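# Examination of the molecular architecture
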Amino acid sequence: PVGGFVGLVDGSSTVSFNNCVFAGTIKAPTSQNVAGFVGQTTSSVALSFNNCANYANITGAQAVAGFVGYTDSEMIFSNCVNNGNVTGKNHRVAGITGEAHVSKITIENCANYGIIKTTNSAAQNIGGIVGYSQGKVDKCFNAGAIEGGSNIGGIIGRHQNTSAVSNCFNLG
């Protein structure tokens, strides 16, 4: 995993990012789980992001995003903005999190302005906010262009659960 702040968060950790900004460039075209803040988390982690922004352009192979590449952890994103362009070679590319493989995730009041794209026409699950989601998404918007293969959405590329998606809009 590759992250602008942390590559991998594991163990029984509780980590909070408050009023943090990442600006730079991440180029990891052959790596999975690549993001501006945290590349990957494990299931015993509780993570929160509040009032954070990503300005970095990020390139990775799979599960690539402005904030978290891959998570199966309890997580809350509140008032976060991705301004960077995010490019993935394969599946699950997004502005906030590439793959949220758990229902205990909430993304609220977040936005994406960056271009989100994949270089592989067969890639799946490309979204302005989340590439693949099982969690709650509320009051989020996307203003960036979304380019990819299949399961492409302005907010979520693929949503698989009974969690709510509400009060969102897409301009991209």
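Residues numbered from 1 in each chain as written. Predicted model: local features only at pLDDT ≥ 70, side-chain atom pairs only at ≥ 80, totals over all residues. Heavy atoms only, no water.

## Thoughts on the sheet that holds strand β4 (residues 21–22)
With respect to topology, six strands assemble into an open sheet ordered β4-β8-β12-β17-β22-β27, the strand pairing being parallel. A strand with exactly one partner marks an edge of an open sheet, and here the two such strands are β4 and β27 (169–170). With two bridges connecting them, strand β8 (residues 53–54) and strand β12 (residues 81–82) associate as parallel partners. Opposite Ala53, over in β12, you have Val81 as the bridge partner. (Pairing = 2+ DSSP bridges. Helix = DSSP H or I, 4+ residues; strand = E, 2+ residues; numbered from the N terminus.)

## Overview of the side chain of Thr97
With respect to the element layout, Thr97 can be found in strand β15 (residues 97–100). Engagement of the side chain of Thr97 in a polar contact is seen with the backbone oxygen of Val68, the distance being 2.9 Å. Setting aside anything within four residues of it in sequence, one finds Thr97 in contact with Ala65, Val68, Gly69, Thr71, Phe77, Ile105, Ile107, Ile129, Val130 and Gly131. (Polar contact = N/O pair within 3.5 Å; in protein donor to acceptor, adjacent residues only side chain to side chain. Contact = heavy atoms within 4.5 Å.)

## Overview of the environment of Ile152
Looking at the element boundaries, Ile152 is found in strand β24 (residues 150–153). Considering only alpha carbons, one finds Ile152 and Ile129, 23 residues apart in sequence, at a separation of 11 Å. Apart from the residues within four sequence positions on either side, Ile152 is in contact with Ile126, Ile146 and Gly157.

## Brief notes about the state of the cysteines
Applying the stated criterion across every chain, the model contains zero disulfides. Cysteine Cys80 shares no disulfide, and the gap to the nearest cysteine sulfur, in Cys110, comes to 4.6 Å. Judged by its relative accessible area of 0%, Cys80 is buried. As a non-bridged cysteine, Cys168 has Cys140 as the owner of its nearest cysteine sulfur, 4.9 Å distant. (Disulfide = S-S within 2.5 Å. Buried < 20%, exposed > 50% of the residue type's maximum accessible area, 1.4 Å probe, protein only.)

## Thoughts on the environment of Ser44
Take Ser44: it is sitting in the loop between β6 (38–41) and β7 (46–50). Ser44 gets classed as partly exposed once you look at its relative accessible area, which sits at 41%. Spatially, the C-alpha atoms of Ser44 and Ser13 are 7.0 Å apart, while their sequence positions differ by 31 residues. Excluding anything up to four places from it in sequence, Ser44 contacts Gly11, Ser12 and Ser13. In this structure the side chain of Ser44 is engaged in a polar contact, spanning 2.5 Å, whose partner is the backbone oxygen of Gly11.

## Describing the nonpolar core
The nonpolar side chains of soluble globular proteins are, as a tendency, buried together. Counting 37 residues, the largest nonpolar core has Phe17, Phe37, Val38, Phe49, Phe67, Phe77 and Ile107 as its most contacted members. If you list the elements that add at least two residues to this core, you get β5 (25–35), β7, β9 (57–65), β11 (74–78) and β16 (105–108). (Core = buried A, V, L, I, M, F, W, Y, C linked by side-chain atoms within 4.5 Å.)

## Let's talk about the packing of aromatic side chains
Going through the model one piece at a time under the given rule, you end up with 12 aromatic pairs. Judged by centre distance (5.7 Å) and plane angle (90°), the rings of Phe17 and Phe37 are edge-to-face. A residue pair is termed long-range when its members are at least 10 positions apart, and Phe17 in strand β3 (residues 14–18) and Phe37 in the loop between β5 and β6 qualify at 20 residues. Just as Phe17 is buried, Phe37 falls in that class too. (Phe/Tyr/Trp six-rings, centres within 6.5 Å; stacked < 30°, edge-to-face > 60°.)

## Structural notes on the pattern of salt bridges
Within this structure, the stated rule accounts for two salt bridges. Salt-bridge contacts for Arg92 lead to Glu99; the nearest nitrogen and oxygen are separated by 2.4 Å. On the accessibility criterion, Arg92 (16% relative accessible area) is buried. Take Glu99: its relative accessible area is 9%, and that puts it in the buried class. For Lys139, the salt bridge is made with Asp138, and the minimal N-O distance between the two is 3.5 Å. Given a relative accessible area of 46%, Lys139 falls into the partly exposed group. For Asp138, a relative accessible area of 8% puts it in the buried group. (Salt bridge = Lys/Arg side-chain N within 4 Å of Asp/Glu carboxyl O.)

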